[in-house]
Amino acid sequence: MGRKVKRSFKHRFYPTREQAAELSRTFGCVRFVYNRALEERTRAWYGEQRRISYAQSSAALTGWKKTEELAFLAEVSSVPLQQALRHLQAAFANFFAKRARYPRFKSRKRTRQAVEYTRSGFAWRDGRLTLAKMAQPLDIRWLRPLPESAEPSTVTVSRDSAGRWFVSLLCEDTVAPAPPTSSAVGIDAGITSLLTLSTGEKITNPHHERRDRTRLAKAQRDLSRKTRGSGNREKARRRVARIHARIADRRRDFLHKLTTRLVRENQTVAIEDLAVRNLVKNHTLARAVSDASWAELRMMLEYKCAWYGRCLVVIDRFFPSSKLCGVCGTVSARLPLNVREWICDCGAVHDRDVNAARNILAAGLAVLACGGGVRPQREPSRTGRSSVKQEARRATAGLARLRGGGGSQDGSLPDAITAG
Ligand SMILES: [Zn+2]
């Protein structure tokens with residue numbers, strides 16, 4: 001029993017000198033093929049309004065390998081080259097569907113280099129991975145073993161700006177459903193703490209974060225003083241990249257543990273849309289939780305909720321979560337960001353963030369109760385349309401009902417919702 005999911009497992013590996021050389025060569029060829037194909041597509045599109053297909057690009061690649069000056073392309077595995085053309089095809093499909101900008105050239109200076117191998121480009125035997133054109137398996141440092149039944153379908157090899165090598169194995173895996181629970185939680189992206197939960201719990205940034213940032217600032221100052229093109233500058237650049245990488249790794253690790261816990265403990269998780277945070281132009285807020293953290297957190301919650309059969313509700317942007325009194329439903333007119341605690345006219349005393357998290361939870365549960373129709377509360381001042389005001393009133397009524405039902409205060413779901 002369990003859910004079949006695609007899951008990738010990323011680990012560090014240490015290539016031999018030959019493997020590193022082979023991979024660097026492959027990075028170069030992949031970049032070349034991608035850029036050359038992009039150039040041809042661009043010429044066809046802007047010159048003749050003609051679209052070039054993946055099959056045509058692939059045929060062109062076969063032709064290039066036969067020429068004298070591009071014969072080096074035949075020396076590396078053809079699998080990552082084909083994958084590069086598939087990625088280009090996907091980039092154009094997104095462009096033509098108006099989902100993305102026009103594809104751009106890959107630069108050698110790009111900090112992270114990556115190539116992808118599909119099933120025919122690697123051998124997987126007894127838990128050892130050998131890439132095409134290589135004699136030895138990669139020396140992978142497994143932090144934890146791959147699940148018993150896992151069989152990688154795609155392998156991505158990358159080198160980050162700090163010069164570290166990683167291999168990511170995409171596998172089909174079976175995820176056991178999380179034990180059923182009736183708990184629900186609302187999450188607010190806070191100012192003084194990283195996150196505040198509707199339970200009242202405040203989650204702060206990991207304590208090494210500040211120390212890492214100080215180190216980063218110092219390394220960046222050092223880098224700015226080095227002469228362009230010098231060996232010392234390259235060393236300083238690596239140091240900056242290493243600190244960046246460590247910050248990102250630790251943050252990801254922290255967010256993984258946090259999101260796994262939240263998803264396992266709760267049937268329903270309610271969060272605010274990221275866009276809501278972009279409306280608030282405040283530097284302390286931007287500093288306390290970076291957009292990267294929040295976007296990563298949301299992405300993790302999305303797929304983990306899907307894995308474990310949980311429900312993630314994303315509340316629409318103009319929801320005044322911190323200004324709405326969770327007890328009486330009044331929206332306070334003004335609440336400057338430096339006000340951490342406020343007293344509503346009804347007498348309720350609110351911690352700003354906890355109140356916001358509770359309102360997000362209540363709004364999330366109201367959305368679920370309304371049968372999936374998103375009916376967020378909006379600030380009437382932003383839109384002036386009567387239909388929106390009506391929605392706001394209905395949502396407020398819904399909040400009051402949920403509060404009155406008594407279920408949501410301690411974070412458990414009212415029966416009506418679990419039944420439906
Ligand atoms: Zn009140």
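Here's what I pulled together on the structure shown here. Per-chain numbering applies: the sequence of each chain, read as written, is numbered from 1 onward. The model is predicted, so local features are restricted to residues of pLDDT at least 70 and side-chain atom pairs to those at 80 or more, both for listing and for counting; the totals for chains, interfaces and linings are taken over all residues. The side-chain figures draw on all heavy atoms in the structure; neither hydrogens nor water molecules are used.

### A short note on the coordination of the zinc ion
For a metal with four tetrahedral donors the ideal donor-metal-donor angle is 109.5 degrees, while six octahedral donors give ideal angles of 90 or 180 degrees.
Here comes step 1: Distances up to 2.8 Å from the metal define which N, O and S atoms are donors, and 3.2 Å serves for Na, K and Ca; water is absent from the atom set, so sites may look incomplete. Only Cys325 (SG), Cys328 (SG), Cys344 (SG) and Cys346 (SG) from the protein reach the zinc ion as donors, at distances of 2.3 to 2.4 Å.
Here comes step 2: The site at the zinc ion holds four donor atoms, and with the angles between them running 107 to 114 degrees, its shape is tetrahedral.
Here comes step 3: On the primary sequence, the residues serving as donors to the zinc ion are separated as C-x2-C-x15-C-x1-C. A residue pair is termed long-range when its members are at least 10 positions apart, and Cys325 in the loop between strand 12 (311-315) and strand 13 (341-343) and Cys346 in the loop between strand 13 and strand 14 (349-351) qualify at 21 residues. The rule is simple: four donors are tetrahedral if all their angles sit between 85 and 135 degrees, four are square planar and six octahedral if opposite donors span more than 155 degrees and the others lie between 65 and 115, and anything that fits none of that is irregular. In this text, helices come from DSSP runs of H or I with a minimum length of four residues, and strands from runs of E with a minimum of two, each type numbered from the N-terminal end.

### Brief notes about helix 2 (residues 54-66)
Here comes step 1: Any helix carries an expected span of 1.5 Å times its number of residues minus one. Helix length check: helix 2 (13 residues) gives 19 Å between terminal C-alpha atoms against 18 Å at 1.5 Å per residue, within 8%.
Here comes step 2: Think of it in three bands: with a 1.4 Å probe and only protein chains considered, a residue is buried below 20% of the maximum accessible area for its type, exposed above 50%, and partly exposed in between. Those residues of helix 2 that sit buried are Ser57, Ser58, Ala60, Leu61 and Trp64. The buried residues of helix 2 occupy an angular sector of 160 degrees when projected down its axis, which confines them to one face. In helix 2, the exposed positions that point more than 90 degrees away from the buried face belong to Ala55, Ala59 and Lys66. By arc we mean the arc of the directions from the helix axis to the C-beta atoms, nothing more.

### Overview of the packing of aromatic side chains
Here comes step 1: Two rings belonging to Phe, Tyr or Trp (six-membered ring only in the last case) form a pair when the distance between their centres is within 6.5 Å. Interplanar angles under 30 degrees mark stacking, angles over 60 mark edge-to-face geometry, and anything in between is tilted. Throughout the structure, instances matching the rule amount to twelve aromatic pairs.
Here comes step 2: With 5.8 Å between their ring centres and 70 degrees between their planes, Phe32 and Phe72 make a pair best called edge-to-face. Of this pair, Phe32 sits in helix 1 (residues 17-48) while Phe72 sits in the loop between helix 2 and helix 3 (78-96), and the two are 40 residues apart along the sequence.
Here comes step 3: Taking the centre distance of 5.4 Å and the plane angle of 55 degrees together, the rings of Tyr46 and Tyr102 count as tilted. Taken together, the positions of Tyr46 in helix 1 and Tyr102 in the loop between helix 3 and strand 2 (113-118) put the pair 56 residues apart, joining distant regions of the chain.
Here comes step 4: Aromatic rings pair up to connect Trp45, Tyr46, Phe92, Phe95, Phe96 and Tyr102 into one cluster.

### Considerations on the sheet that holds strand 9 (residues 195-197)
Here comes step 1: Here, strands pair whenever DSSP counts at least two bridges between them. Taken together, five strands build an open sheet; the order of strands is 10-9-8-11-12 and the sheet is mixed. The open sheet terminates on both sides in strands that have one partner only, identified here as strand 10 (202-203) and strand 12.
Here comes step 2: Where strand 8 (residues 184-189) and strand 9 come together, three bridges link them in antiparallel fashion. Paired with Ile187 across the two strands is Leu197, which belongs to strand 9.
Here comes step 3: We call two residues in contact when some of their heavy atoms are within 4.5 Å. Under this scheme, a helix contributes an axis fitted over its contacting stretch, all axes are lines through C-alpha atoms, and angles between N-to-C directions fall in the 0 to 180 degree range. Across the sheet, helix 5 (residues 231-265) touches strand 8, strand 9, strand 10 and strand 11 (268-272), and the angle it forms with strand 9 is around 15 degrees.

### With respect to the sheet that holds strand 7 (residues 165-175)
Here comes step 1: Pairing in this open sheet of five strands is antiparallel, and the strands run 2-6-7-1-5 from one edge to the other. Strands at the two margins of the open sheet, each flanked by one partner only, are strand 2 and strand 5 (140-141).
Here comes step 2: Strand direction decides the pairing type here: strand 1 (residues 3-13) and strand 5, joined by two bridges, are antiparallel. Bridging across to strand 5, Phe13 finds its partner in Ile140.
Here comes step 3: Of the strands in this sheet, strand 1, strand 2, strand 6 (152-159) and strand 7 are in contact with helix 1, which crosses strand 2 at around 90 degrees.

### Focus on the pattern of salt bridges
Side-chain pairs of opposite charge can arise where the charged atoms are in close proximity.
Here comes step 1: Should a side-chain nitrogen of Lys or Arg be within 4 Å of a carboxyl oxygen of Asp or Glu, the pair is scored as a salt bridge. Per the stated rule, a full pass over the model turns up 24 salt bridges.
Here comes step 2: A salt bridge links Arg141 to Asp139; the nearest nitrogen and oxygen atoms lie 2.8 Å apart.
Here comes step 3: Note that Asp351 and Lys202 form a salt bridge whose closest N and O atoms lie 3.0 Å from each other. You can see Asp351 sitting in strand 14 and its partner Lys202 sitting in strand 10, a full 149 residues away along the chain.
Here comes step 4: Assessed through its relative accessible area of 34%, Lys202 is described here as partly exposed.
Here comes step 5: Here the salt bridges do not stand alone but share partners, grouping Asp160, Arg164, Asp249, Arg251, Arg252 and Glu296 into one network.

### Some details on the nonpolar core
Here comes step 1: In this text, buried Ala, Val, Leu, Ile, Met, Phe, Trp, Tyr and Cys residues form a nonpolar core when linked through side-chain atoms within 4.5 Å. Counting residues in hydrophobic clusters, the biggest one holds 39 residues, and the most contacted among them are Leu129, Leu131, Val155 and Val157.
Here comes step 2: A per-element tally of this core places helix 1 first, with eight residues.
Here comes step 3: Excluding anything up to four places from it in sequence, Leu129 contacts Phe122, Ala123, Trp124, Pro137, Leu138, Ile140, Val155, Val167 and Leu169.
Here comes step 4: By size, the runner-up hydrophobic cluster in this structure holds 23 residues, among which are Ala189, Leu194, Leu195 and Ile203.

### Points about the pairing of strand 11
Here comes step 1: Within strand 11, five of the five residues are buried, which leaves the element mostly enclosed by the surrounding structure.
Here comes step 2: Side chains Thr268, Ala270 and Glu272 of strand 11 all project onto a buried face; the interleaved residues Val269 and Ile271 project onto the opposite face, where all are buried too.
Here comes step 3: The pairing of strand 8 with strand 11 spans four bridges and is classified as parallel. Across the sheet, Ile187 pairs through a bridge with Ile271, a residue of strand 11.
Here comes step 4: Pairing of strand 11 with strand 12 involves five bridges; the strand directions are parallel. Looking at the pairing, Ile271 lines up with Val314 of strand 12.

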